[in-house]
Amino acid sequence: MSVSLPEDPTLDEVRGFLAPALAAQAAFDGWNEKAVLAAAQLADIDLGLARLAFNDGPVDMIDAWFLAVDEQMAAKFGAEQLAAMKIRQRIKALVEARLDVLGPDREGLRRALAILAAPQHLRKAAKMGWRAADKMWRLAGDTATDYNHYTKRTLLSGVYGGTISVFLDDDSENYADTRAFLDRRIENVMQFEKVKAKVTGRGGDRFSMARFVGRLRYRGT
């Protein structure tokens, strides 16, 4: 789908328009002004306007890209298409669609995650991960507002984060290793309610969300 800027765009519109090209440039130049200017030149956007749109530093640039990824992921499915799937298939399809969007820019993603791993950016990184999980659950049709709203998103954040760690170094054809990993982790999510019911049904036993999510993040567990 071709996207163009309006004649007098807002800064948000400029960010959304340039973000995908910015990710491609960041693979070479890093998440910095040099990448912004290179992306603006390729898109024939005024350099001063591009600078103004991304004047809050690399985390702001990455955030804009992840928002664009959300939109590209959502655009891959119609409501009826998702409704025809079982819930497990919806979540898997949405995660895989997100990986397909990220695929051409794995090096930009690697650099972005290195920045977000800095202690001062961890809170912002967690918010971005939560937002991605929330977007996927909402697209999947989830309307929970109780405890389940939070557990679903916490679990999917862990699944998605673990899948990304595999994805970054996956050289298998069509990311077969990543997809296999995702299948296993999705199975864990689908089993969560059964596990929770069993554990919370025993007197004196407490369910540990942190321990459960930690197990989901790694291949060997």
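All values reported here derive from a predicted model rather than from experimental measurement.

**With respect to the overall build of the chain**
Of regular secondary structure, the chain possesses 12 helices and zero strands. Its helices and strands taken in sequence order, the chain reads α-α-α-α-α-α-α-α-α-α-α-α from the N to the C terminus. For the chain, restricting intrachain contacts to residue pairs at least 6 apart in sequence, the fraction spanning at least 24 positions comes to 68%. A total of about 12000 Å² of accessible surface is found on the chain, and carbon and sulfur atoms cover 52% of it.

**Quick look at unusual backbone geometry**
The phi dihedral of Asp44 falls on the positive side, at around 60 degrees, and the residue is not glycine. In this fold, Asp44 is placed in the loop between α2 (33-43) and α3 (47-53). Classification of Asp44 by relative accessible area gives exposed; the value is 70%. A positive phi angle is found at Asn174, which is not glycine, with a value near 55 degrees. The exposed category is assigned to Asn174, whose relative accessible area is 53%.

**A look at the environment of Ile186**
Within the element layout of this structure, Ile186 appears in helix α10 (residues 176-190). Classification of Ile186 as buried rests on a relative accessible area of 1%. Along the backbone, Ile186 and Leu155 are 31 residues apart, and their C-alpha atoms lie at a distance of 9.5 Å.

**Points about α10**
If you check α10, its first and last C-alpha atoms are 21 Å apart, about what 15 residues at 1.5 Å a residue would give, namely 21 Å. For α10, the full list of buried residues reads Thr178, Arg179, Phe181, Leu182, Arg185, Ile186 and Val189. In a view along the axis of α10, the buried residues occupy a sector of 155 degrees, so they form one face of it.

**So, the confidence of the model for the chain**
Interpretation of this model should avoid reading the predicted coordinates in detail wherever pLDDT is low. With 85% of its residues at a pLDDT of 70 or more, the chain has an overall mean of 87. When mean pLDDT is compared element by element in the chain, helix α7 (residues 106-116) scores highest at 97, while helix α12 (residues 209-216) scores lowest at 52.

**Considerations on the side chain of Arg106**
With respect to the helices, strands and loops of the structure, Arg106 is situated in helix α7. There is no salt bridge for the buried Arg106, and the closest opposite charge comes from Asp171, which lies 4.1 Å off by N-O distance. Only 3.0 Å separates the side chain of Arg106 from the backbone oxygen of Asp170, close enough to count as a polar contact. With sequence-adjacent residues up to four places away left out, Arg106 is seen in contact with Phe167, Leu168, Asp169, Asp170, Asp171 and Tyr175.

**A few points about the pattern of salt bridges**
Considering all chains together, one arrives at 19 salt bridges under this definition. Close ionic contact of Lys34 with Asp29 constitutes a salt bridge, the shortest N to O distance being 3.9 Å. Here Arg111 and Glu107 are joined by a salt bridge, their closest N and O atoms 3.8 Å apart. Pair noted here: Arg111 and Glu107 are both in helix α7, with a separation of four residues, about one helical turn. Ionic contacts of the salt-bridge type, sharing partners, join the residues Asp63, Asp70, Arg98, Lys124 and Arg131 into one network.

**Quick notes on the packing of aromatic side chains**
Throughout the structure, instances matching the rule amount to four aromatic pairs. A centroid spacing of 5.6 Å and a plane angle of 35 degrees characterise the contact between Trp31 and Trp65, whose relative ring orientation is tilted. Linking Trp31 in the loop between α1 (11-29) and α2 with Trp65 in helix α4 (residues 58-75), this pair joins segments that are 34 residues apart in sequence. Judged by its relative accessible area of 5%, Trp31 falls in the buried class.

**Some remarks on the side chain of Arg179**
Of note, Arg179 is situated in helix α10. Take Arg179: its relative accessible area is 19%, and that puts it in the buried class. In this structure the side chain of Arg179 is engaged in a polar contact, spanning 2.8 Å, whose partner is the backbone oxygen of Asn174. Leaving out residues up to four positions away in the same chain, Arg179 has contacts with Glu96, Asp100 and Asn174.

Basis of the calculations
- Residues numbered from 1 in each chain as written.
- Predicted model: local features only at pLDDT ≥ 70, side-chain atom pairs only at ≥ 80, totals over all residues.
- Heavy atoms only, no water.
- Helix = DSSP H or I, 4+ residues; strand = E, 2+ residues; numbered from the N terminus.
- Contact = heavy atoms within 4.5 Å.
- Areas by Shrake-Rupley, 256 points an atom, 1.4 Å probe, with all protein chains shown as cover.
- Buried < 20%, exposed > 50% of the residue type's maximum accessible area, 1.4 Å probe, protein only.
- Expected span 1.5 Å × (residues − 1).
- Arc of directions from axis to C-beta.
- pLDDT = per-residue confidence, 0-100.
- Lys, Arg positive; Asp, Glu negative; His and termini not counted.
- Salt bridge = Lys/Arg side-chain N within 4 Å of Asp/Glu carboxyl O.
- Polar contact = N/O pair within 3.5 Å; in protein donor to acceptor, adjacent residues only side chain to side chain.
- Phe/Tyr/Trp six-rings, centres within 6.5 Å; stacked < 30°, edge-to-face > 60°.

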